[in-house]
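Geometric and topological summary
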Amino acid sequence: MKKILALLLASVMVLSLAACGGTGTDTTEDTSTEGTENTETTTTVDADSIPDTMTSEDGKYQVAFVTDVGQLKDKSFNQGTFDGVKLYAAANGLSYKYYQPANSSEATDDDRYDAMKAAVDGGAEVVVCAGYLQEAALKRAATEFPEVPFIFIDGYPLQDDSGNTLTNVAGIAFQEEQAGYLAGYAAVQDGFTKLGFSGGGGGTNDACCRFGYGFVQGANAAAAEKDVTVDMNYSWQYGSTFQASTELQTMISGWYANGTEVVFACGGSMFLSIVAAASANDGYVIGVDVDQSGESDYVITSAMKGLSDAVQWAVGHVYADTFSQIGGTATSLGVKDHAVALPTAESSWRFETFTVEQYETLYQQMFDGTLVVDNDFSKLESTEWTNVNLNVI
């Protein structure tokens, strides 16, 4: 997947967008702080080779990360976002630290605010916050610390209590519907006709909703081209906290037992329950946010978004003194920015009949605007799908 560190500012679109969760191992070329156009070097760094914790000489930590719900090493949203923090800091000789709000999946807005305040008190020159659940705490922290830039991943512009835009908050979101479309289209073209979608956030997470809506659109388009009908189970059950659970695993096992062939695991640590169900039933899984093929042989592809690259790009604005160009605005990154995609490395490409060349043709159609994916997920259940029997659970 191409890097977006050299995104032109013209690609910034002012849209109100929200969040979801996912990542895995990421790599990048060394970055510098010279402007928003990244200077390339020949050194490639693996995020996993950079320690999660470090000790700074002065006890201050310049680049801070406040986690979303779930574990830091969730092989998904938190990990992918933190990879960007580590990669940028390591490449530029900066100290870094992650802060996990207290009470884990039961964290309150006060818990999240306390983590953000701890980051600022710890010397943070920029604070990266992951996930839409950070909104209330981030609004409070950004108002209290107006000189500190905050990067709201899977986020959007925020206003203070007087209705003034908080220009020290940069909302960075993604066009997840495009990634979902690519995954749904590829799966059906490869011969799958019984699909499932299991989403995080309980149906209130806009990013996961966009993933799912795009997934149905892609599956429907491929089924129409092949003149087949696809059956799809579609559910937000047991995903409100994005956590793995025995209830979720039991539900998905039932899907597989009743004929479902592949399930789109769209929700951070929920992936663990869905992979466990797949392995017990010889089913398949589609990962989310990052390339999750390394986590299980049952993963056939992943609907990725460039979490790590987006973080590095945004933090780069801070150290290039150009944060004002993204602060107070919503940045929406999609195919045109090479920010959403399926993994095409030989080790990750596990389709049997759908080829990389076919995928690249589809991607180019999306890139040049020939193919437009709708992002209004409110139309999911009202749409009369021509080639998908949608079973919303």
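Thresholds, definitions, all that
- Residue positions are given per chain, counting from 1 as you read along its sequence in written order.
- Two thresholds apply to this predicted model, a pLDDT of at least 70 for residue-level local features and 80 or more for giving and counting side-chain atom pairs, whereas whole-chain, interface and lining totals are computed over all residues.
- Side-chain metrics rest on all non-hydrogen atoms present in the structure, leaving aside hydrogens and water.
- Fitted lines through C-alpha atoms serve as axes, helices being fitted only where they are in contact, and the angles separating the N-to-C directions of these axes extend from 0 to 180 degrees.
- In DSSP terms, a helix is any run of H or I states spanning at least four residues, a strand is any run of E spanning at least two, and both are numbered starting from the N terminus.
- For classification purposes, an angle smaller than 35 degrees is called roughly parallel, one larger than 145 roughly antiparallel, one from 65 to 115 roughly perpendicular, and anything else oblique.
- Less than a right angle of anticlockwise turn of the near helix away from the far helix marks a crossing as left-handed, whereas a clockwise turn marks it as right-handed.
- Note on contacts: a residue pair qualifies if any of its non-hydrogen atoms lie within 4.5 Å across the two residues.
- Throughout, the ten residues Ala, Val, Leu, Ile, Met, Phe, Trp, Tyr, Cys and Pro are labelled nonpolar, Asp, Glu, Lys and Arg are labelled charged, and all others, Gly among them, are labelled polar.
- Any residue under 20% of the maximum accessible area for its type is buried, any over 50% is exposed, and the rest in between are partly exposed; the area is computed with a 1.4 Å probe on protein chains only.
- A pair of strands is considered paired only if DSSP assigns at least 2 bridges between the two.
- Call a crossover right-handed when, viewed with both strands pointing away from you, the route from the first strand across the helix to the second goes clockwise.
- Each salt bridge in this description consists of a side-chain nitrogen of Lys or Arg and a carboxyl oxygen of Asp or Glu lying within 4 Å of one another.

1. Some details on the packing of helix H4 (residues 176-189) against helix H9 (residues 356-367)
Running from amino to carboxyl end, H4 crosses H9 at an angle of 150°, the nearest separation of the two axes being 11 Å. Classified by the interaxial angle, the pair formed by H4 and H9 is roughly antiparallel. The element H4 and its partner H9 pack so that their crossing is right-handed. Judged by residue contacts, Gln178, Tyr181, Leu182 and Tyr185 of H4 engage Tyr359, Leu362, Tyr363 and Met366 from H9. Grouping the amino acids of the contact of H4 with H9 by side-chain chemistry returns seven nonpolar, one polar and no charged.

2. Digging into the pairing of strand E5 (residues 126-130)
Taken across its five residues, E5 has five buried, putting it largely inside the fold. What you see with E5 is no split at all: Val126, Val128 and Ala130 on one side and Val127 and Cys129 on the other are buried throughout. Two elements, strand E3 (residues 63-66) and E5, share four bridges in a ladder whose sense is parallel. Across the sheet, the residue bridging to phenylalanine 65 is valine 128, located in E5. Pairing of E5 with strand E6 (residues 150-153) involves four bridges; the strand directions are parallel. If you follow cysteine 129 over to E6, its bridge partner there is phenylalanine 152. Following the chain from E5 across helix H3 (residues 135-144) to the adjacent parallel E6, one finds a crossover that is right-handed.

3. A closer look at the environment of alanine 183
Mapped onto the fold, alanine 183 is located in helix H4. Judged by its relative accessible area of 0%, alanine 183 falls in the buried class. Counting along the chain gives 117 residues from alanine 183 to isoleucine 300, while the straight-line C-alpha distance between them is 9.7 Å. Alanine 183 has contacts with Phe215, Ile286, Ala303 and Leu342, leaving out every residue within four places of it along the chain.

4. Focus on the pattern of salt bridges
Across all of its chains, the model carries 13 salt bridges by this definition. The closest approach of N and O atoms between aspartate 121 and lysine 117, which form a salt bridge, is 2.8 Å. Of this pair, aspartate 121 and lysine 117 are both found in helix H2 (residues 109-121), four residues apart, which corresponds to roughly one turn of the helix. Taking relative accessible area as the criterion, aspartate 121 reaches 46% and is therefore assigned partly exposed.

5. Side note on the sheet that holds strand E4 (residues 96-99)
Reading across from one edge, E4-E3-E5-E6-E7-E13 is the order of the six strands in this open sheet, with parallel pairing throughout. Of all the strands in the sheet, the pair left with one neighbour each is E4 and strand E13 (330-333). For this sheet the average axis-to-axis angle between neighbouring strands, irrespective of direction, equals 20°.

6. Here we look at unusual backbone geometry
With phi around 50°, serine 104 is a residue other than glycine that occupies positive phi space. Of note, serine 104 is situated in the loop between E4 and H2. Taking the relative accessible area as the measure of exposure, serine 104 reaches 40% and is therefore partly exposed. Even without glycine at this site, aspartate 282 takes up a positive phi of about 55°. For aspartate 282, the location among the structural elements is in the loop between helix H7 (270-281) and strand E11 (284-289). According to the relative accessible area criterion, aspartate 282 is exposed, its value standing at 63%.

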